[in-house]
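Structure at a glance
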Amino acid sequence: RLKREEMEGQLSRLEAVRSVAASTLAATREALLQIPARLSTVLAAEASPARVHELLQQELHQALSQLATLPERVGPAAQEAAAP
């Protein structure tokens, strides 16, 4: 039954799910850590607090958008990683 459900895409191997989740989290972490390097000079030159807020918000949303795709990536990627 489990093998059939796995082949039908209803189940994913734990190792494959962990691998996809780990790579997604690592990429998100790296994107977040790069924000200061990318924005420090831009923000230092910006006079408007509202513009600073907007720039920071855009960068954070962009970095965190990878996390939103995790559920979609786990299904197909887990199946590919589990294939013999």
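Placed above this text is the structure.
Here's what I pulled together on the structure shown here. Computed from a prediction, not measured in an experiment: that's the story for all the values here. (Residues numbered from 1 in each chain as written. Predicted model: local features only at pLDDT ≥ 70, side-chain atom pairs only at ≥ 80, totals over all residues. Heavy atoms only, no water.)

1. Side note on helix H3 (residues 49-68)
So the rule is basically this: A helix here means a DSSP run of H or I that spans at least four residues, while a strand means a run of E at least two residues long, and both kinds are numbered starting from the N terminus. Every helix has an expected span of 1.5 Å times one less than the residues it contains. The angle between axes fitted to the seven-residue stretch ending at a residue and the seven-residue stretch beginning at it gives the bend at that residue. Each residue is assigned to one of three classes by its accessible area relative to the maximum for its type, calculated with a 1.4 Å probe on protein chains only: buried under 20%, partly exposed between the two thresholds, exposed over 50%. For this analysis, residues touch if any pair of their heavy atoms sits within 4.5 Å.
If you check H3, its first and last C-alpha atoms are 28 Å apart, about what 20 residues at 1.5 Å a residue would give, namely 28 Å. The sharpest bend along H3 comes to roughly 25°, located at Gln62. Looking at H3, one finds that the buried residues are Leu55, Glu59 and Ala63. Among the structural elements, helix H2 (14-45) are those in contact with the buried residues of H3.

2. Examining the environment of Val74
The topology assignment puts Val74 in helix H4 (residues 70-82). When the C-alpha positions of Val74 and Ser19 are compared, they lie 8.9 Å apart, and in sequence the two are 55 residues distant.

3. Examining the side chain of Thr24
Locating Thr24 in the fold gives a position in helix H2. Residue contacts for Thr24: discarding those within four places in its chain leaves Gln66, Leu67, Leu70 and Arg73.

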